[in-house]
Protein chains: 2
Amino acid sequence: MSGKPFTLSVKVVLRDARGRCLLVRRSSLSKNNAGKWDLPGGKVDAGENFDVALKREVAEETGLDISIDDVLGAAESVTPAKRVVYLILGGHPTAGEVRLSSEHDAHVWVDSRALAEVDLCGQFRPFAVAYAKAAPGPS
Amino acid sequence: MSGKPFTLSVKVVLRDARGRCLLVRRSSLSKNNAGKWDLPGGKVDAGENFDVALKREVAEETGLDISIDDVLGAAESVTPAKRVVYLILGGHPTAGEVRLSSEHDAHVWVDSRALAEVDLCGQFRPFAVAYAKAAPGPS
């Protein structure tokens with residue numbers, strides 16, 4: 001286990017003004033987690049700052065410009081080849097309309113309190129359960 | 001707030017065979033959090049992988065070689081100049097004896113369940129409270 005290389009990935013809970021958050025569904029052709037809902041974001045390239053990586057990935061995947069607001073948690077997935085560590089940030093869109101890339105085939109804005117009920121990539125389930133529990137009710 | 005540069009720092013909860021974890025006390029000359037207890041670890045340099053950065057920082061600060069075991073959480077601190085995001089990993093020492101650098105003036109192995117009672121750097125308190133609560137009791 002200790003011999004596998006580590007990869008850092010940055011994900012975002014992108015919240016709109018109504019407190020809903022954006023999920024994207026992985027294409028049926030995805031190598032991993034095909035058809036599962038995912039948080040936008042992705043791998044930090046070598047030498048790239050994590051905030052730059054997050055903004056780049058989100059723009060590529062959703063067409064949205066975002067601002068980063070806070071730090072929400074971390075997660076991990078272990079594959080046969082590597083260990084991926086996820087840093088999960090909170091943010092909000094600042095410009096653009098959702099326009100998916102070929103990596104995803106659907107998107108949805110879900111109420112934060114419902115995040116634990118979604119068929120999310122397994123590595124984010126513990127985070128989603130804790131996040132949904134802590135989410136404020138309707139104001 | 002959004003204009004401040006982000007920095008990534010990696011910290012470790014370094015556990016011994018008895019489930020205690022290592023804390024180091026920041027020197028009285030430290031610019032920030034002087035005299036507070038801290039988790040070993042530090043800043044990821046430009047272009048450096050986070051696991052390499054963690055092992056380097058821990059070796060510099062404590063003289064210990066470590067192995068990384070799991071992903072425990074994240075934290076944040078905002079200073080006038082920047083926003084530091086912390087990735088908090090779990091690990092264990094594999095070689096060496098504790099030998100502090102001039103950055104720290106004391107070290108202690110504390111029971112994980114007592115982590116919330118320590119005068120820790122403020123940014124790690126929410127993590128410490130959650131971690132202590134989840135820590136197993138004596139076996």
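Since we're looking at a predicted model, the values are computed, not measured.

(A) Here's a closer look at the overall build of chain A. In terms of regular secondary structure, chain A is built from two helices and seven strands. When the helices and strands of chain A are read in sequence order from the N terminus, they spell out β-β-β-β-α-β-β-β-α. Projected onto its principal axes, the C-alpha coordinates of chain A cover approximately 50 × 30 × 30 Å. For chain A, the proportion of contacts with a sequence separation of at least 24, taken over those separated by at least 6, is 63%.

(B) Inspection of the pairing of strand β6 (residues 83-95) of chain A at higher detail. Residues and elements named next belong to chain A. Relative to β6, strand β1 (residues 6-14) runs parallel, the two being bridged by nine bridges. Considered in β6, the bridge of Phe-6 is made with Arg-83. Here strand β5 (residues 65-78) pairs with β6 via 12 bridges, running antiparallel. The residue bridging Ser-77 from the neighbouring strand is Val-84, located in β6. Remark: four residues form the turn of the hairpin made by β5 and β6, two consecutive strands paired antiparallel.

(C) View of the relation of the copies chain A and chain B. Relative to chain B, chain A is turned by 180 degrees and slid 0.0 Å along the rotation axis, the superposed coordinates differing by an RMSD of 0.0 Å. Such a combination of rotation and displacement between the chain copies is what one expects of a two-fold axis. For chain A, the minimum C-alpha distance to the rotation axis belongs to Gly-47 of chain A and amounts to 1.8 Å. Both copies contact each other with a shared surface, as 100% of the interface residues of chain A are interface residues in chain B too.

(D) Quick look at the sheet that holds strand β2 (residues 20-26) of chain B. Residue and element names in this part refer to chain B. On the basis of which strands lie adjacent, the open sheet formed by three strands has the order β3-β2-β7 and antiparallel pairing. Edge positions in the sheet fall to β3 (37-38) and β7 (104-111), since each has one partner strand and no second. As paired strands, β2 and β7 are joined by seven bridges and run antiparallel to one another. Opposite Arg-26, over in β7, you have His-104 as the bridge partner.

(E) Main features of the nonpolar core. Grouped together as the largest cluster of nonpolar side chains are 70 residues, with contacts concentrated most on Leu-87 of chain A together with Leu-87 of chain B. With near-sequence residues (within four places) excluded, Leu-87 of chain B lies in contact with Ala-74, Val-85 and Leu-87 of chain A together with Leu-8, Val-10, Phe-50 and Ala-74 of chain B.

(F) Inspection of the pairing of strand β1 (residues 6-14) of chain B at higher detail. Residues and elements named next belong to chain B. With respect to burial, β1 is a largely interior element, seven of its nine residues being buried. The sheet contact formed by β1 and strand β4 (residues 41-43) spans three bridges and is antiparallel. Opposite Ser-9, over in β4, you have Lys-43 as the bridge partner.

(G) Unusual backbone geometry, seen in detail. Even without being glycine, Asn-33 of chain A reaches a positive phi, approximately 55 degrees. Relative to the helices and strands, Asn-33 of chain A resides in the loop between β2 (20-26) and β3 (37-38).

(H) Just the interface of chain A and chain B, in detail. Between chain A and chain B, the contact holds 17 residues from the first and 17 residues from the second. Ranked by the residues each element gives to the side of chain A that touches chain B, the list is headed by β5 of chain A, at seven residues. The residue inventory of the side of chain A that touches chain B, partitioned by class, reads nine nonpolar, five polar and three charged.

(I) Structural context of the sheet that holds strand β4 (residues 41-43) of chain A. All names here are of chain A. Pairing in this open sheet of four strands is mixed, and the strands run β4-β1-β6-β5 from one edge to the other. Both outer strands of the open sheet, β4 and β5, are each paired with one neighbouring strand and no more. Strand-to-strand twist in this sheet, taken as the mean axis angle between neighbours without regard to direction, amounts to 20 degrees. Packing against the sheet, helix α1 (residues 50-62) makes contact with β1, β4, β5 and β6, and its axis sits at approximately 60 degrees to β1.

Rules and cut-offs
Residues numbered from 1 in each chain as written. Chains lettered and ligands numbered in written order. Predicted model: local features only at pLDDT ≥ 70, side-chain atom pairs only at ≥ 80, totals over all residues. Helix = DSSP H or I, 4+ residues; strand = E, 2+ residues; numbered from the N terminus. Contact = placed C-beta atoms within 7 Å. Pairing = 2+ DSSP bridges. Least-squares fit on C-alpha atoms with pLDDT ≥ 70 in both. Core = buried A, V, L, I, M, F, W, Y, C linked by C-beta atoms within 7 Å. Buried ≥ 20, exposed ≤ 12 C-beta atoms within 10 Å, placed from the backbone. Nonpolar A, V, L, I, M, F, W, Y, C, P; charged D, E, K, R; others polar. Axes fitted to C-alpha atoms, helices over the stretch in contact; angles between N-to-C directions.

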